[in-house]
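Summary of structural features
Chain residues, written in single-letter form:
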Amino acid sequence: MTMPAMCRGTGKTGMMWILGFILLLIKLVLVLAVLLGMAAALVLVERKLLGRFQIRYGPNRVGPFGLLQPVADGIKMLLKEDIVPASADRVIFMLAPAAVAMTSLLIFAVVPFAEDLTVRGRRIPMVIADLNVGLLFVLAMSSISIYGIALGGWASNSKYSLLGGIRGAAQLISYELSMGLSLVPIVMVSQSFSLVDIVNAQANYPFILVQPVAFLIFLVCSMAEANRLPFDLPEAENELIAGYHMEYSGMRFALYFVGEYVNMVVIGSLLAVFFLGGWRGPFLPPIVWFLLKVMIVPFFLIWSRASLPRFRYDQLMHLGWKVLLPLSLLNIVVTGAVILVTGR
Amino acid sequence: MAKEESSIAKTAAEMVKGLAGSYAVTLKHLFRKPITEQYPEYKKPLPARSRGRIILTVDPDGDERCVACYLCSAVCPTSCISMESRERDDGRRHAAWFRINFARCIYCGLCEEACPTLAIQLTPDFEFCKDDILKFVYEKEDLLVNHGGRNQEYNFYRHAGLSEKGEKGTHINEKPPVDVKSNMP
Amino acid sequence: MPRLVIDDLQIEVPEGTKVIEAAERLGIMIPRFCYHKALGSAGACRMCAVKFIHGPFKGLQMSCMIDAQDGMVVSTTDEEAVAFRRQVIEWLMMNHPHDCPVCDEGGQCLLQDETVSGGHGLRRYPGRKRTYHDQYLGEFIAHEMNRCIHCYRCSRFYQDFAGYRDLGPMQIANRVYFGRFRDGPLESPFAGNLVDICPTGVYTDRSSRYKARRWDLQRVPFLCIHCSLGCSTVASARYREVVRIEARFNESVNGHFICDRGRFAYPYANLADRPRRARVDGEDASLAEAVRAASGRLDQISMNAGPDAVALVASDRCSLETLAVLKRISREKGWRHPAVFPRPDLEHKTRRAVSRLDRRLAVSMRELESADFILAVGIDPVHEAPMLALALRQAFREDAGIVVMDPRPVSAPFDFDHVAIAPAEIGGCLSRITEALSALQADSAAQGKETRRPEAAGPLRADLDSRIAGIVERLRGSRNPVIVCGTDIVRDSTPDRAADLARLLLQLKARPCLFFVLPGPNSFGAVLLAESPGRSFSDVVQDIEQGKVKALLVVESDPFKNFPDRERLERALDRLDLLAAMDYLPTSVVGRAHIVLPTCTVFECGGSFINQEGRVQRVEPVHEGGIPVHQVSGGGHPPRVFSHEVPGGEIEAAWRTALEVAGYTNARDNLSILKIMAEEHPGFARCRDIPTSRSFRVLPDAGDRPPVCEETGDRAAPEAADTLEVVLVDRFFGTEELSGYSPVIQNADSEPLVFLHVRDAEPLGIAHSDWISIALEGGGLEVRAGVSAQMAEGVLVIPRHRLLEWQKLGPVPAQIPFGRISRAGKE
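How each quantity is defined
- Residues numbered from 1 in each chain as written.
- Chains lettered and ligands numbered in written order.
- Predicted model: local features only at pLDDT ≥ 70, side-chain atom pairs only at ≥ 80, totals over all residues.
- Heavy atoms only, no water.
- Helix = DSSP H or I, 4+ residues; strand = E, 2+ residues; numbered from the N terminus.
- Rg over C-alpha atoms; globule rule 2.2 N^0.38 Å.
- Buried < 20%, exposed > 50% of the residue type's maximum accessible area, 1.4 Å probe, protein only.
- Contact = heavy atoms within 4.5 Å.
- Lys, Arg positive; Asp, Glu negative; His and termini not counted.
- Charge placed at Lys NZ, Arg CZ, Asp CG, Glu CD.
- 1 Å grid on protein atoms, 1.4 Å probe; cavity = no way out; pocket = protein on both sides within 12 Å on 5 of 7 lines; lining within 4 Å.
- Points joined across faces, edges and corners; volume = space filled by probe spheres on them.
- Nonpolar A, V, L, I, M, F, W, Y, C, P; charged D, E, K, R; others polar.
- Phe/Tyr/Trp six-rings, centres within 6.5 Å; stacked < 30°, edge-to-face > 60°.
- Pairing = 2+ DSSP bridges.
- Right-handed = clockwise from strand over helix to strand, strands pointing away.
- Buried area = accessible area lost by both parts, 1.4 Å probe.
- Salt bridge = Lys/Arg side-chain N within 4 Å of Asp/Glu carboxyl O.
- Polar contact = N/O pair within 3.5 Å; in protein donor to acceptor, adjacent residues only side chain to side chain.
- Axes fitted to C-alpha atoms, helices over the stretch in contact; angles between N-to-C directions.
- Parallel < 35°, antiparallel > 145°, perpendicular 65-115°, else oblique.
- Left-handed = near helix turned anticlockwise from the far one by under 90°.
- Core = buried A, V, L, I, M, F, W, Y, C linked by side-chain atoms within 4.5 Å.
- Domains from an automatic or database assignment.

**Focus: the overall build of chain C**
- What chain C contains, in helices and strands, is 26 helices and 35 strands.
- Taking 827 residues into account, the globule formula puts the C-alpha radius of gyration at 28 Å, and chain C, at 28 Å, falls close to it.
- In terms of principal-axis extent, the alpha carbons of chain C reach across some 90 × 85 × 60 Å.
- Across the 827 residues of chain C, 61% fall into the buried class.
- For chain C, contacts bridging at least 24 residues in sequence account for 72% of all contacts bridging at least 6.
- The positive charge centre, built from 101 side chains, and the negative charge centre, built from 111, are 3 Å apart in chain C.

Printed below as a string of structure tokens:
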């Protein structure tokens, strides 16, 4: 719909439409700011935490306690030379990082981050877009992020990047399957694809209590989706140097970087939405509950990074296809049986 | 069948134990005091044999020990040592120029090990940052010091029986020269 | 053919092969010090001990002392043998001074290698070390006797192989000493090989003293260009400077060794005053500017005065590439064909020699070693082609008879019959030998028929008859005779006469038998590429004087060195509108030239040369061109600025610059030059197919060409009573152009002597080593005289030494009246 058409809208409907649009903009800006801010902070948190896990301090030179480290990193990334290898496929090379960062951000569009607000009798949904196929959208977006990695690795025209890209594609496809299947019982229980409905379905108890297996599968798969240790084979340093983003530098590299950390936050919020009851919780305001739940996952990912060694490639494939996939299928069958028997 | 099941259970238990163990160790570390030493504020005294900036030492007579035998440049894994050997006016073999590119040096100490005259030695000094990479190229004048480093006594020419430094037969552990025109034993 | 087993590997070797040699053929290198392929076995060092398990010998034996025999089973890795060898190396190291860091052999030392491979590390013997005093052995070789392990290689080479007596072993037992009786320069012109042959650092190369280690050197299989033999060498360079020349084994040319001229002449490439920058009218210019200037002016002159007014001068030190390019551009531009030879007679003799050689006739230097009778005419082997003397020595050691027919007081490291006759008589003698031989052959073929007496071919002295008869007899009696013929002092027809004799011998003995010695390293190639009739430099001078030639492009040639009349040459060059010089040496011509285009030495750009037996030998560059690092830095450390440009690195090979001067800018790569060479002479087409490492001969197949002698009148000076014929000759040092620039050789060179016969000297009251003065039109020549009875009467042998102003003598052959020669008062 074009602007003139919008303005021609008569009376109250038109006004409401414009108001809704403004609200949407505010939500977008807020979410984007918070999300990117969290990603930047997460870089520092990760380095600090990793330091402490290894009995070190972590960064402590820039600003008090190294708190300005993300700022320094940002400035550094901005000022670095943007190198495009001579033999690279220029267009794809430049677009690929955006695909990764963009898809991670897009997923958040369907994540409800608080209870709907009611202002003057008007319900303001605390979600950017309450899609009725939100869950499918999430899965679709996380599939598209494979392109960022595979194309980035291919366009660099470097053997390490290519290997990293291929590994990334193979790994994401393998784990996506189990991830999607692990969410099927959630849909079966909540009877909806909308993330808002899923949160609302957990009004009494979070799904983690009824679907612990799905939770575990989803957790493992999302670690793999985020290319975090122990699943960081696409960028395995000791084999591939830096994998798919080896040839990237400056802001283009930063986009991959941002994408990865936004991904961590997004995974945290999805986990909160699907299994931990979203924003629901006693005593504290919903948004705080939501943030708390969201932060559990990044912490766990960092903790895993400090604790676990990297998988071998065959072990990775073994786990994905021979353990997680049958397990999630079994979980669906069991859930279906239980629903059939109990009738709800 | 039961045995197999129990072994699967056992493996699973082991896996869980392993996972939990590793998570526990790191979690424990999270609450320990870091052992990091804050470097510029606190400088740990280095052992005398730690490997830092390279020097060229002199023998007890005050003459440079280096005989430009090329062993250090041959053994150097990064090829950061280059030199040109010449015959000095007094017949002694020496390096007309001797250059170490510290921008390339990895301080492995192989040159020191290869040096047959104890001329090239590594010192504990490792703090010599430069703002220009060319300043890392040290010439012989920059490398030469006026002492013998770790061994003040050693003098290669007292052992090698060359006539440039003292007559034949006067060096350590040498008999007087054979008189080829005498039949006396 | 004995068949034996070494380390479980079976091999069949020819009778008489030593076990150590058989093992080497299997790729098993048994440690050795005293054994050397060229010198044979001595059994002195005890390093090559191996265990004989089965066969005629049992137990530990020296593998170099035992001939391989049927049924032998040998183990080189037997515990007992390994332990024995370990102990031997420890004993050999007992008195070693441990001075490897300051020893030039370090890094290429057989003793180092065998010590490490033998497993010896620390000296356990607590006693004191035996020491020796060192000797001064001349400018080439440094002596450090403490390092000696008494393998006797040096004395075996020096005395047995090379035939000189002044270096050898002294004393007994633990005191054996290798050296001269007194300090002094080594007499042998092959002494440099001691450096190669010594397994440790007793003899080291003084010219490269303390300069580099073997592992740092850029080493390339190379070629010696200091005489026409084309010996194989290894050239080593470091920091854009040639630092060492070593001998390289070549099965068909020089064997294992080279002469001192070839070994120590290399410093010409490192000269500080080498032309490194192009110059135009005395001003420094870039090479491109100078090329443009030369090209423009040459074109201008050929437009104004006709292309014939431009003449090219080259020399026989030019590579084949350069000569081919010069030929090409002179033809396409219409310029005069390059004059390569300084004198017309040299050009003629070389041409005759080259045209008479063919595949059946030509004998290589290594084949010469197996001859059983050698007739050398007009050649002083040590001075004109030094390695030929060593080859003759090997033939002599196998009991070959050697006759040298030459006017000079020839001295050589072998016994020979010296037929001392004047150059004019040599040809006649050869003809008489040929006639006598063919007559005798005819006699034996048709016995009973009327015999035809050989008639004297010229006015020969009576006492020669018997000697010629003797030579004829020996030629008849020998299985494998070889005729060696020089081209320098002989008359124009002599090479043809020698070839006639060789053809006859080929019919009789069916073995190759002709060996020419040519004037320079690439004379053969110059003649192949020359137009016919060739023009020599003296013709060019004549044309300059007549005003026909206005511009001269001198390519790697120094006419001042070779042209017999210096003043005339200077006058002629002053008449020129343009004198352009391309050279890598600081010659007089480069000093006078209007335009100087510096070129690369063979070390920097490689090149092809054809030696005297028609063998095309090609070499790759040893190092990239440019001013040596220590000259750039003035001895201190190299410049600290980073630059892609090498100082003095714009200089190119002469043929590339010549192509640019002629305006061919797109034919300068290596493929085009091979094409140009192949187009200029079909024989060079093979250069494209044969790898650089292999040589090939461009000789025609055994042509059934009749032995037609192109009869030209010999350029002889008018005979007159009471005169001495001047014979200009080459010497081992001092006359060859490139080696004359070597400071080491200049220091080592002895004073040049002018030789005359005792009976010529006596009436003049001249004794050996007196100063004499020779009065000439162009001024006097004061020189020390040598008086010898072992030379021809009536000749005055003057070396073309760089310290002698022989150029004053005027054209040769010349006659000098006795009255012009007198004792000088100078002491």
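**Details of empty space enclosed by the protein**
All names here are of chain C.
- This model, assessed by the stated rule, comprises 14 cavities of 30 Å³ or more.
- Looking at the largest cavity, its volume works out to about 600 Å³.
- What lines the largest cavity is a set of 41 residues, and nearest its centre among them are Asp316, Pro519, Lys561, Asn562 and Asp730.
- Going through the elements one at a time, α11 (381-384) and α18 (559-562) are the ones with two or more residues in the lining of the largest cavity.
- Residue contributions to the lining of the largest cavity peak at three residues, all from α18.
- Of the residues in the lining of the largest cavity, the class split is 21 nonpolar, eight polar and 12 charged.

**Observations concerning the packing of aromatic side chains**
Residue and element names in this part refer to chain A.
- Under the defined criterion, the tally for this structure stands at 40 aromatic pairs over all chains.
- Ring centres 5.8 Å apart and planes at 50 degrees place the aromatic pair Phe218 and Phe275 in the tilted group. Placement of the pair is Phe218 in helix α9 (residues 212-225) and Phe275 in the loop between α11 (250-274) and α12 (286-307), with a sequence separation of 57 residues.
- Owing to a relative accessible area of 1%, Phe218 belongs among the buried residues under this scheme.

**Some remarks on the layout of surface pockets**
- One number sums up the size of the largest pocket: a volume of about 1200 Å³.
- As for the largest pocket, its lining consists of 29 residues, of which Val220, Phe311 and Leu319 of chain A together with Met15 and Leu19 of chain B are closest to the centre.
- Counting residues per element, the ones that place at least two in the lining of the largest pocket are α9 and α13 (313-342) of chain A together with α1 (2-30) of chain B.
- No other element matches the nine residues that α1 of chain B contributes to the lining of the largest pocket.
- Tallied by class, the residues present in the lining of the largest pocket amount to 23 nonpolar, four polar and two charged.

**Brief notes about the pairing of strand β17 (residues 336-339) of chain C**
Residue and element names in this part refer to chain C.
- As paired strands, strand β16 (residues 310-313) and β17 are joined by two bridges and run parallel to one another. Counted as the bridge partner of Val313 is Ala339 from β17.
- This β-α-β element, β16 to helix α8 (residues 320-333) to β17, shows right-handed connectivity.

**Digging into the interface of chain B and chain A**
- Each side of the interface is counted separately: chain B has 15 residues, and chain A has 15 residues.
- Summed over both partners, the interface of chain B with chain A buries about 1500 Å², with 60% contributed by carbon and sulfur atoms.
- Three residues stand out in chain B for area buried against chain A, namely Tyr23, Leu30 and Pro34 of chain B, and they jointly supply 41% of the buried area on that side.
- In this assembly, chain B and chain A are joined by one salt bridge.
- Linking Glu41 of chain B and Arg61 of chain A is a salt bridge whose minimum nitrogen-to-oxygen distance equals 3.0 Å.
- Counting the contacts that link chain B with chain A gives nine residue pairs in polar contact (both at pLDDT 80 or more).
- Tallied by class, the residues present in the side of chain B that touches chain A amount to seven nonpolar, five polar and three charged.

**Some details on the packing of α8 of chain C against helix α23 (residues 654-661) of chain C**
Residue and element names in this part refer to chain C.
- Remark: α8 packs on α23, axes separated minimally by 8 Å, with the N-to-C direction vectors making an angle of 15 degrees. In terms of their interaxial angle, α8 and α23 are classed as roughly parallel. Of the two possible hands of crossing, α8 and α23 adopt the one that is left-handed. Residues Glu321, Thr322, Val325, Leu326 and Ile329 of α8 touch α23, and the partners they reach there are Ala654, Trp655, Ala658 and Leu659.

**Thoughts on the interface of chain B and chain C**
- Contacts between chain B and chain C engage 47 residues on the former and 43 residues on the latter.
- By the criterion of area lost to chain C, the three top residues of chain B are Arg93, Lys175 and Val178 of chain B, representing 17% of everything that side buries.
- Across the chain B-chain C interface, the total number found is six salt bridges.
- With a closest N to O distance of 2.8 Å, Arg640 of chain C and Glu139 of chain B form a salt bridge.
- The interface formed by chain B and chain C contains 22 residue pairs in polar contact (both at pLDDT 80 or more).
- Looking at the side of chain B that touches chain C, the elements that each hand over two or more residues are α2 (71-75), β2 (81-87), β3 (93-101), α5 (156-159) and β6 (174-177) of chain B.
- Of the residues forming the side of chain B that touches chain C, the biggest block, six residues, is contributed by β2 of chain B.
- Split by residue class, the side of chain B that touches chain C holds 21 nonpolar, 11 polar and 15 charged.
- Sheet analysis places β6 of chain B next to strand β6 (residues 129-131) of chain C, joined by two bridges and oriented parallel. For Pro177 of chain B, the partnering residue across the bridge sits in β6 of chain C and is Thr131 of chain C.

**Concerning the nonpolar core**
Residues and elements named next belong to chain C.
- Of all hydrophobic cores here, the largest spans 103 residues; its most connected members are Leu375 and Met405.
- Residues from two domains meet in this core; each of domain 3 (348-518) and domain 4 (723-823) gives at least three.
- Contact partners of Leu375, with chain neighbours within four places excluded, come to Val403, Met405, Leu430, Ile433, Ile471, Val482, Ile483, Val484 and Leu501.

**Overview of the pattern of salt bridges**
All names here are of chain C.
- Taken as a whole, this structure holds 74 salt bridges over all chains when the rule is applied.
- Between Asp281 and Arg297 there is a salt bridge; the shortest N-O distance is 2.7 Å. On the criterion of sequence distance, the pair formed by Asp281 in the loop between β14 (278-280) and β15 (283-285) and Arg297 in helix α7 (residues 287-304) is long-range, its members being 16 residues apart.
- For Asp543, the salt bridge identified is with Arg336, shortest N-O distance 2.3 Å. With a gap of 207 residues between them, Asp543 in helix α17 (residues 537-545) and Arg336 in strand β17 connect regions that are remote in the sequence.

**Considerations on the domain arrangement of chain C**
All names here are of chain C.
- By the assigned domains, chain C splits into domain 1 (3-92), domain 2 (100-106 + 122-270), domain 3 (348-518) and domain 4 (723-823).
- Put simply, the middle of domain 1 and the middle of domain 2, counted by C-alpha atoms, are 27 Å apart.
- Taken together, the contacts link 14 residues of domain 1 with 14 residues of domain 2.
- Overall, the association of domain 1 and domain 2 removes approximately 1100 Å² of surface from exposure, summing both partners, and the carbon and sulfur fraction of that is 61%.
- Between Arg124 and Glu90 there is a salt bridge; the shortest N-O distance is 2.8 Å.
- At the junction of domain 1 with domain 2, the criterion picks out five residue pairs in polar contact (both at pLDDT 80 or more).

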